[in-house]
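Chain by chain, the residues run as shown.
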Amino acid sequence: MSEKDQREILKEEIKVEVLEERKREQAKKEEAEQKLHDRNFEKEELSHGQKFLKGFDYAYEGLVWAINHEKNMKFHMFALAILLVASLFFNLSRVEMITLVFAVCFVLAFELINTSVEQAVNLASKGKYSSFAKASKDLAAAATFIAALNALFVAYLIFFDKFIDFYNSVIVRIVRRPSHLAIITLSLVIVVTIFLKGVFYEGHGTAFKGGFVSGHTSIAFGIATISMFLTTDPLIRLMLIGLALIVAESRYEANIHSMAEIIRGAILGTSMAMAIFGIFS
């Protein structure tokens, strides 16, 4: 047998092995999807209290799914983070802040409804073109578009005059209100945590368990870091750091998060608090 024939045989063997490996991976993927499908439609016997708490899990899973699969949701979450940061620079009243948050959440809610309608239409039409299916999707998209226009109009009315007195807004609002900084910091930690869980979603994790980053740990370390800027009492600082470590350790001991996910949460909470309070306080 010539050397050329041996190479050809070797190529064929490698090709066969690659095809078999792909088939095994596909079979594993289909098995995992089937398990997920079976789990989604499995009826659970829960008490009223458990059903109430489980509802938060389902809502969070829907939010994570939307962020993971819809580019618009990533953009809307980013816009919400920008809004929270912008509130640090401008002298916003409570009514203005409430109006802005409501407008952004209005867009988020309609985007989720739009995504839900699209998935339901896709399921009903089974991937086939239908003028009625197209009209349903277009109508849902139009509702989201109107909500987005409303948010832009509200932002224009609130921020247009604020740019004129930008410097004074920063000095007055931030230096005098450390509580505002704390609220914005923790809100940003929560938003970024949800965003990261959605972007790097790997098929596991609920509102309170698992995911790319530990939300409990990020909030705990965020609070501990904020305390470094708000109090000079070493005992309080030590207690809050200890509590943050206990929270992180409990997530690991309960096998809810891996060590890497806990470390990411600690870094996120600490860095976010240090950045905002280090710059603005």
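About the thresholds
- Residues numbered from 1 in each chain as written.
- Predicted model: local features only at pLDDT ≥ 70, side-chain atom pairs only at ≥ 80, totals over all residues.
- Heavy atoms only, no water.
- Helix = DSSP H or I, 4+ residues; strand = E, 2+ residues; numbered from the N terminus.
- Contact = heavy atoms within 4.5 Å.
- Areas by Shrake-Rupley, 256 points an atom, 1.4 Å probe, with all protein chains shown as cover.
- Expected span 1.5 Å × (residues − 1).
- Buried < 20%, exposed > 50% of the residue type's maximum accessible area, 1.4 Å probe, protein only.
- Axes fitted to C-alpha atoms, helices over the stretch in contact; angles between N-to-C directions.
- Parallel < 35°, antiparallel > 145°, perpendicular 65-115°, else oblique.
- Nonpolar A, V, L, I, M, F, W, Y, C, P; charged D, E, K, R; others polar.
- Polar contact = N/O pair within 3.5 Å; in protein donor to acceptor, adjacent residues only side chain to side chain.
- Phe/Tyr/Trp six-rings, centres within 6.5 Å; stacked < 30°, edge-to-face > 60°.
- pLDDT = per-residue confidence, 0-100.

On to the overall build of the chain, then. In terms of helices and strands, the chain carries 10 helices and zero strands. Each helix and strand of the chain, placed in order from N terminus to C terminus, yields the pattern α-α-α-α-α-α-α-α-α-α. Here the analysis covers contacts within the chain between residues at least 6 apart in sequence; of these, 77% occur between residues at least 24 apart. Of the roughly 18500 Å² that the chain leaves accessible, carbon and sulfur atoms contribute 66%.

Here we come to helix 7 (residues 178–199). Taking 1.5 Å as the rise per residue, helix 7 with 22 residues should run 32 Å; its terminal C-alpha atoms sit 31 Å apart, in good agreement. Of the positions making up helix 7, those classed as buried are His-180, Leu-181, Ala-182, Ile-184, Thr-185, Leu-188, Val-189, Val-191, Thr-193, Ile-194, Lys-197 and Gly-198.

Closest axis-to-axis distance for the helix 4 (residues 94–125)/helix 5 (residues 131–159) pair is 9 Å, and the angle between their directions is 170°. Here helix 4 is positioned roughly antiparallel relative to helix 5, judged by the angle of their axes. Within the contact of helix 4 with helix 5, the residues separate by chemical class into 18 nonpolar, seven polar and four charged.

This part is about the packing of helix 3 (residues 71–86) against helix 4. Two elements in contact, helix 3 and helix 4, have axes separated by 10 Å at closest approach and are oriented at 170°. By the angle between their axes, helix 3 is roughly antiparallel relative to helix 4. Judged by residue contacts, Asn-72, Met-73, His-76, Met-77, Leu-80, Leu-83 and Leu-84 of helix 3 engage Met-97, Leu-100, Val-101, Val-104, Val-107, Leu-108, Glu-111 and Leu-112 from helix 4. Tallied by class, residues from the contact of helix 3 with helix 4 come to 12 nonpolar, two polar and one charged.

One turn of the α-helix equals 3.6 residues, which is why residues spaced by three or four share an orientation. In this model helix 3 runs 23 Å from its N-terminal to its C-terminal C-alpha over 16 residues, within 8% of the 22 Å that 1.5 Å per residue would give. Those residues of helix 3 that fall on the buried side of the exposure criterion are Met-73, His-76, Met-77, Leu-80, Ala-81, Leu-83, Leu-84 and Ala-86.

The next subject is the side chain of Thr-185. Structurally, Thr-185 can be placed in helix 7. The exposure class of Thr-185 is buried, given its relative accessible area of 0%. A distance of 2.7 Å separates a polar side-chain atom of Thr-185 from the backbone oxygen of Leu-181. Each residue touching Thr-185, except ones within four places of it in the same chain, is listed here: Ile-226, Met-272, Ala-273, Ile-276 and Phe-277.

Time to look at the packing of aromatic side chains. Taken as a whole and assessed by the stated rule, the structure comprises three aromatic pairs. Taking 4.8 Å as the distance between ring centres and 65° as the angle between the ring planes, the aromatic pair formed by Phe-106 and Phe-110 counts as edge-to-face. Note that Phe-106 and Phe-110 are positioned in helix 4 at a spacing of four residues, about one turn of the helix. Exposure remark for Phe-106: the relative accessible area of 32% places this residue in the partly exposed category. Connected via pairs of aromatic rings, a cluster forms that spans Phe-102, Phe-106 and Phe-110.

This paragraph deals with the confidence of the model for the chain. With 85% of its residues at a pLDDT of at least 70, the chain reaches an overall mean of 80. Averaged pLDDT values over the elements of the chain bottom out at 51 in helix 6 (residues 166–176) and peak at 91 in helix 8 (residues 215–230).

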